[in-house]
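Read off the chains here:
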Amino acid sequence: VFIYGDLPKNKENVIYLSNHQCTVDWIIADMLAIRQNALGHVRYVLKDGLKWLPLYGWYFSQHGGVYVKRSAKFNEKEMREKLRAQMKAETPMYLVIFPEGTRYNPEIPKVIADSQSFAEKEGLAILKHVLTPRVKATHVAIDTMKDYLDAVYDVTVAYEGTVDHKGQRKLAPSMTEFLCKECPRVHIFIDRIELKDIPEEQMYMRRWLHERFEIKDKLLIEFYDAKDSKRRNKFPGKSVHSKLSLKKTLPSLLFLGGLTASMLLTESGRKLYVKTWIYGTLIGCLWVSIKP
């Protein structure tokens, strides 16, 4: 993991804005949070369909996640109420938002072309390596929690090994590929932004957010397309090769591994494991359909 920019050592209440390429992006937020001793503070703004994920759909909701629908079906009131409930409970907040609304996938050029056409129609800069960001969830989150937040983290993520022999960008790694070390290095650029530097009105915040994604695009152009091959596969500026100590990772591994192994190694444990997934999923789906 190579980190560029300023990542504070201390915990903060923040909104985390990032480009989105694959499911690993969720884990990148965890990787940064654990370096601030804030792993348990991570919560996500997720597309509504993910609430039906087995077990996890219910878990994300109960852990402060916010499910949102896209475009005209976006429920601003519901999102504000959920965030206010979190603030009233004084819940630590590391709220992860992917403003693009969907993944940037070079194998689906239509999504990229539609995003660029929309930007052109709206008089916005056309972006190459990211999609045109949507502002609604970001605006509601910042506007609702502006007196609760310490900062906004603008995060740009790039994965090495995602360019083919012709220099064309490939699909970002899947979770399996990432865990099997088929992506050897991750580069993360962090810009910590003060709330006072972000416009409050949605119209102006939309322009600000697009400008932030223009900056991301320039960073990614440098990473993927720099004419000088020595400048590729890294962001401009200095980076820190960030490693984690065993004391931050081993306890969780031993606890979760031991718990899972103890269930799977006995017949009664295996039955309990299967029933947990089946009944937990059914109850979870019922729960989020009533109280998302």
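Residues numbered from 1 in each chain as written. Predicted model: local features only at pLDDT ≥ 70, side-chain atom pairs only at ≥ 80, totals over all residues. Heavy atoms only, no water.

Looking at an unreviewed UniProt entry, one finds the chain named PLCE acyltransferase, with Cnemophilus loriae as its source organism. UniProt, in its Sequence similarities (unreviewed entry) section for the chain, records the words "Belongs to the 1-acyl-sn-glycerol-3-phosphate acyltransferase family." (UniProt positions renumbered as here; feature names shortened; annotations may be inferred.)

**Considering the layout of surface pockets**
Here the largest pocket defines a volume of roughly 2000 Å³. Ile 27, Asp 30, Leu 39, Ser 252 and Leu 256 are, among the 42 residues lining the largest pocket, the residues nearest its centre. For the lining of the largest pocket, the secondary-structure elements that each account for two or more residues are helix H1 (24–34), strand S3 (42–47), helix H2 (56–62), helix H6 (175–179), helix H8 (246–264) and helix H9 (267–290). Sorting elements by how many residues they give to the lining of the largest pocket places H8 first, with 11 residues. The residues that make up the lining of the largest pocket include at least three from each of domain 1 (2–243) and domain 2 (245–291). The computed volume of the second largest pocket comes to approximately 880 Å³. Those elements that place two or more of their residues in the lining of the second largest pocket are S3, helix H4 (109–121), helix H5 (136–145) and helix H7 (202–225). The class makeup of the residues in the lining of the second largest pocket is 17 nonpolar, 10 polar and nine charged. (1 Å grid on protein atoms, 1.4 Å probe; cavity = no way out; pocket = protein on both sides within 12 Å on 5 of 7 lines; lining within 4 Å. Points joined across faces, edges and corners; volume = space filled by probe spheres on them. Helix = DSSP H or I, 4+ residues; strand = E, 2+ residues; numbered from the N terminus. Domains from an automatic or database assignment. Nonpolar A, V, L, I, M, F, W, Y, C, P; charged D, E, K, R; others polar.)

**Considerations on the domain arrangement of the chain**
Along its sequence, the chain is carved into domain 1 (2–243) and domain 2 (245–291). On a C-alpha basis, the centres of domain 1 and domain 2 stand 28 Å from each other. Between domain 1 and domain 2, the contact holds 13 residues from the first and 12 residues from the second. Taken together, the two surfaces of domain 1 and domain 2 that pack against each other cover about 1000 Å², and 69% of this comes from carbon and sulfur. On the domain 1 side of the interface with domain 2, the three residues burying the most area are Trp 52, Leu 55 and Trp 58, jointly 47% of the side's total. Summed over the shared surface of domain 1 and domain 2, the result is zero salt bridges. Scanning the region where domain 1 abuts domain 2 turns up one residue pair in polar contact (both at pLDDT 80 or more). In terms of residues, the side of domain 1 that touches domain 2 owes the most to one element, H2, which gives five residues. (Contact = heavy atoms within 4.5 Å. Buried area = accessible area lost by both parts, 1.4 Å probe. Salt bridge = Lys/Arg side-chain N within 4 Å of Asp/Glu carboxyl O. Polar contact = N/O pair within 3.5 Å; in protein donor to acceptor, adjacent residues only side chain to side chain.)

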